[in-house]
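A structural walkthrough
Here are the chains, one letter per residue:
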Amino acid sequence: MQKREPLVKRYEKNPILTKNDVPYPVVTVHNAGVVKAGGRYWMIFRSHLFNGRSILGLAESSDGYLFTVRAEPFMTPACTGIFAEYEEYGIEDPRICKIDKDFFITYSAYSRHGVRVALAKTRDFKIVERIALITQADQRNVVLFPEKFEGRFVRLDRPHTELSPWSIWISYSPDLIHWGDSKVIVKPEAYHWDEMKIGPGATPFKTDKGWLQIYHGVFRTMDGAVYRLGAILHDQNDPSLILGVADEWILESEDPWEVTGYVHNVVFTCGTIPEEDGTVKIYWGGADKVMCVGTARVSDLVDLCLQKPRNPL
Ligand code: BMA
């Protein structure tokens, strides 16, 4: 057997963003959604405050590595209306998806009623408008597809039930607000690195073989849960069809700031940026405390899904 080269090459100056880069008081900087538009990279990151609840900050960059953080938080829990009731305990893990001229943000809203997913949008990263709460509890990790399929918006979501824990589902919508026709498409695999739970990670992006999505998988050990990243390839025209779930993970915690932090042994992605040279930048939170980035060749990830797949369900 040949030794496997690392699929994801870590940026040598990781971590790229920490609490020290943030001009207001936070304990962590992690699990950021990222989008590239007009040559600029926009990052919406999660930070724990000193009371243990989370808010979202904004950073921007011209090269995808060196980010500058905006002076004020981008979103804090709503104070009025329906959102206030469901964001009472904080807002977490944003994903960004550009559809036409708008950047849509899906994020977890925590409250005494559980965790559910909310949708907001911005055009300029200055004004952000909350649109709707788009799931009930217990849901997290919703990613939108940047294109419509047969006239409908599509998302991957992650409901949890005792009988079928934390799996990846797909749902459809005419307007991004009302969702239905849901079905399960990928489940955790028994006695495997993602056996405890899985969830959609970054906004899927198009390759010449289908939509590639980086997801997270969790394995429970005697020392707690271990979060790793894996790859899933969805059919180009019908993303509910899985062309391959890579059997092997693509990234696990190795650097000291991934092994130890706010929660140890965690790499968790909410954003990837495919580049014109055939690589993809993968952004991940290290140990729920810092932001890191690495690059992979898109064709290597696609090959891994197609050549070494596991059963999706
Ligand atoms: C999950 C979420 C993520 C976090 C991960 C590891 O349940 O809370 O935001 O990165 O746990 O702590």
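Thresholds applied
For every chain, the first residue of the written sequence is number 1, and numbering continues from 1 onward in sequence order. Whole-chain, interface and lining totals are the exception, using all residues; otherwise, since this is a predicted model, local features are given only for residues with pLDDT of at least 70 and side-chain atom pairs are given and counted only at 80 or more. Based on all heavy atoms of the structure, the side-chain values leave hydrogens and waters out of the count. Between 30 and 60 degrees the pair is tilted, below 30 it is stacked and above 60 it is edge-to-face, where a pair is any two Phe, Tyr or Trp rings, Trp via its six-membered ring, whose centres lie within 6.5 Å. Numbering of helices and strands starts at the N terminus; helices are DSSP runs of H or I of at least 4 residues and strands are runs of E of at least 2. For each residue, the accessible area found with a 1.4 Å probe, counting protein chains only, is set against the maximum for its type, and the residue is called buried under 20%, exposed over 50%, and partly exposed in between. Only when the NZ of Lys or the CZ of Arg is both within 6 Å of the ring centre and within 35 degrees of the ring normal is a charge said to sit over the ring. Note on pairing: DSSP must find at least two bridges between two strands before they are called paired. Any residue with a heavy atom positioned within 4 Å of a molecule or strand is treated as near that molecule or strand. Within 3.5 Å is the distance limit for a polar contact, defined as a pair of N or O atoms, with the added protein rule that one can donate a hydrogen and the other accept it, and that residues adjacent in sequence qualify only through two side-chain atoms. Only the protein chains shown count as cover for residues, and the accessible areas themselves come from Shrake-Rupley with a 1.4 Å probe. The residue classification treats Ala, Val, Leu, Ile, Met, Phe, Trp, Tyr, Cys and Pro as nonpolar and Asp, Glu, Lys and Arg as charged. All others, Gly included, are polar.

Let's shift gears to the packing of aromatic side chains. A full pass over the atoms with the stated rule returns 12 aromatic pairs. Taking the centre distance of 6.3 Å and the plane angle of 40 degrees together, the rings of Phe-74 and Phe-125 count as tilted. A residue pair is termed long-range when its members are at least 10 positions apart, and Phe-74 in the loop between strand S5 (68-69) and helix H1 (81-86) and Phe-125 in the loop between strand S8 (114-122) and strand S9 (128-133) qualify at 51 residues. Judged by relative accessible area, Phe-125 falls into the buried class, the value being 1%. Ring pairs connect the aromatic residues Trp-42, Phe-74, Phe-103 and Phe-125, which therefore count as one cluster. When the ring centre of Phe-83 is taken as reference, the NZ or CZ atom of Arg-130 above it lies at 5.9 Å. The ring of Trp-166 is capped by Lys-197, whose NZ or CZ atom sits 4.8 Å from the centre of that ring.

This brings us to the pairing of strand S20 (residues 279-286). Judged by how many residues are buried, S20 sits mostly within the fold: 8 of 8 residues are covered. Residues of S20 alternate between two faces, with Thr-279, Lys-281, Tyr-283 and Gly-285 on one and Val-280, Ile-282, Trp-284 and Gly-286 on the opposite face, all of them buried. Both strand S19 (residues 267-274) and S20 contribute to a ladder of 6 bridges, which runs antiparallel. Pairing of Gly-271 across the sheet is with Tyr-283, part of S20. Hairpin connection, S19 to S20: the antiparallel pair is bridged by 4 residues, and Gly-278 has positive phi, about 85 degrees. Where S20 meets strand S21 (residues 290-297), 8 bridges bridge the pair, whose relative direction is antiparallel. Among the inter-strand pairings, Trp-284 is bridged to a residue of S21, identified as Cys-292. Where S20 hands over to S21, the hairpin turn is made up of 3 residues, of which Ala-287 adopts a positive phi near 50 degrees.

Around the ligand lies a shell formed by Asn-31, Arg-46, Asp-93, Arg-140, Lys-197, Tyr-227, Val-263, Val-266, Phe-268 and Asp-288. Side-chain polar atom of Asn-31 to an oxygen atom of the ligand: 2.9 Å apart, as the coordinates give it. Bound to the protein, the ligand loses 83% of the 310 Å² it would expose on its own. Tallied by class, residues from the shell around the ligand come to 4 nonpolar, 1 polar and 5 charged.

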